[in-house]
Amino acid sequence: MAEKYNIWIDADSCPALVRNHVVKMGTRLNLKVCFVANKKIPCSEPGIFEMIICNQEKDAADNYIIENAKPNDLVITRDIVFANRLVEKNISAINDRGTVFTKENVKELLSSRDFDLQLANLGLVKHFNEGYDKKKFAAFANSFDKVIHQLLRKN
């Protein structure tokens, strides 16, 4: 029998739209969905998911996922540094805006992130939260659907 795929969500900063969509799709496809965070994260979508609460230390949720995810799982995270760790372990990763992290793009995304942080630290650009809208969610949902179905076809 084929091994089940798990969907892991680095849930601390994951938008509610994404959490609800993943639970709905996980339930529909009979996939285990695990929220991992340092506090309880709400989900209004009826369905089955597991909430794993880690301690407060830095990167505790990331470390939990790295230790428990398998190469046939999917991880949803906004953290590019964490995504790089996942890609190095051949674990599929996407962010909540639809970017699929791959061996081909993750290093460039890390470099861009580091450059942007340097500019912000020098006061040359302002760091701001641009919000999450329907367009970003649509890009996520499209990527999520493609990646999940690619993983399901592998088995």
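Our subject is the structure listed above.
Residues numbered from 1 in each chain as written. Predicted model: local features only at pLDDT ≥ 70, side-chain atom pairs only at ≥ 80, totals over all residues. Heavy atoms only, no water.

A separate point is the pattern of salt bridges. Enumeration over the complete set of coordinates arrives at six salt bridges. Taking the shortest distance from any N to any O, the salt bridge between Lys-32 and Glu-50 comes out at 3.1 Å. On the criterion of sequence distance, the pair formed by Lys-32 in strand E2 (residues 32-37) and Glu-50 in strand E3 (residues 50-53) is long-range, its members being 18 residues apart. Accessibility expressed as a relative area gives 42% for Lys-32, which makes it partly exposed. Exposure remark for Glu-50: the relative accessible area of 32% places this residue in the partly exposed category. The residue Arg-97 makes a salt bridge to Asp-96 at a minimum N-O spacing of 3.0 Å. Relative accessible area serves as the criterion here: at 2%, Asp-96 is assigned to the buried category. Counted as one network, the salt bridges with shared partners bring together Arg-78, Asp-96 and Arg-97. (Salt bridge = Lys/Arg side-chain N within 4 Å of Asp/Glu carboxyl O. Helix = DSSP H or I, 4+ residues; strand = E, 2+ residues; numbered from the N terminus. Buried < 20%, exposed > 50% of the residue type's maximum accessible area, 1.4 Å probe, protein only.)

Let us now look at unusual backbone geometry. In the Ramachandran plot, Asp-59 falls in the positive-phi region, its phi being about 65° despite a non-glycine side chain. With respect to the element layout, Asp-59 can be found in the loop between E3 and helix H2 (60-68). In this model, Asn-90 sits at a positive phi of 60°, which is unusual for a non-glycine residue. Within the fold, Asn-90 resides in the loop between helix H3 (80-88) and strand E5 (92-94). By relative accessible area, Asn-90 is classed as partly exposed at 47%.

Moving on, we get to the packing of H2 against H3. At a minimum axis distance of 11 Å, the contact between H2 and H3 shows a crossing angle of 10°. It follows from the interaxial angle that H2 and H3 lie roughly parallel. Taking contact as the criterion, the partners of Asp-62, Asn-63, Ile-65 and Ile-66 in H2 are, on H3, Phe-82, Arg-85 and Leu-86. Residues of the contact of H2 with H3, tallied by class, amount to four nonpolar, one polar and two charged. (Axes fitted to C-alpha atoms, helices over the stretch in contact; angles between N-to-C directions. Parallel < 35°, antiparallel > 145°, perpendicular 65-115°, else oblique. Contact = heavy atoms within 4.5 Å. Nonpolar A, V, L, I, M, F, W, Y, C, P; charged D, E, K, R; others polar.)

Let's shift gears to H2. Among the residues making up H2, those that are buried are Ala-60, Ala-61, Asp-62, Ile-65 and Ile-66. On its buried face, H2 sits against strand E1 (6-10), E2, strand E4 (74-76) and H3.

A few words on the pairing of E1. Each regular strand displays side chains that alternate between the two surfaces of the sheet. Counting buried residues along E1, five of its five residues qualify, which places the element largely inside the surrounding structure. Note: E1 against E2, five bridges, orientation parallel. Across the sheet, Asn-6 pairs through a bridge with Lys-32, a residue of E2. Taking the sense of rotation as the criterion, the β-α-β connection linking E1, helix H1 (residues 16-29) and E2 turns out right-handed. Sheet topology places E1 next to E4; three bridges connect them, and they run parallel. By the bridge assignment, Trp-8 is partnered in E4 with Val-75. (Pairing = 2+ DSSP bridges. Right-handed = clockwise from strand over helix to strand, strands pointing away.)

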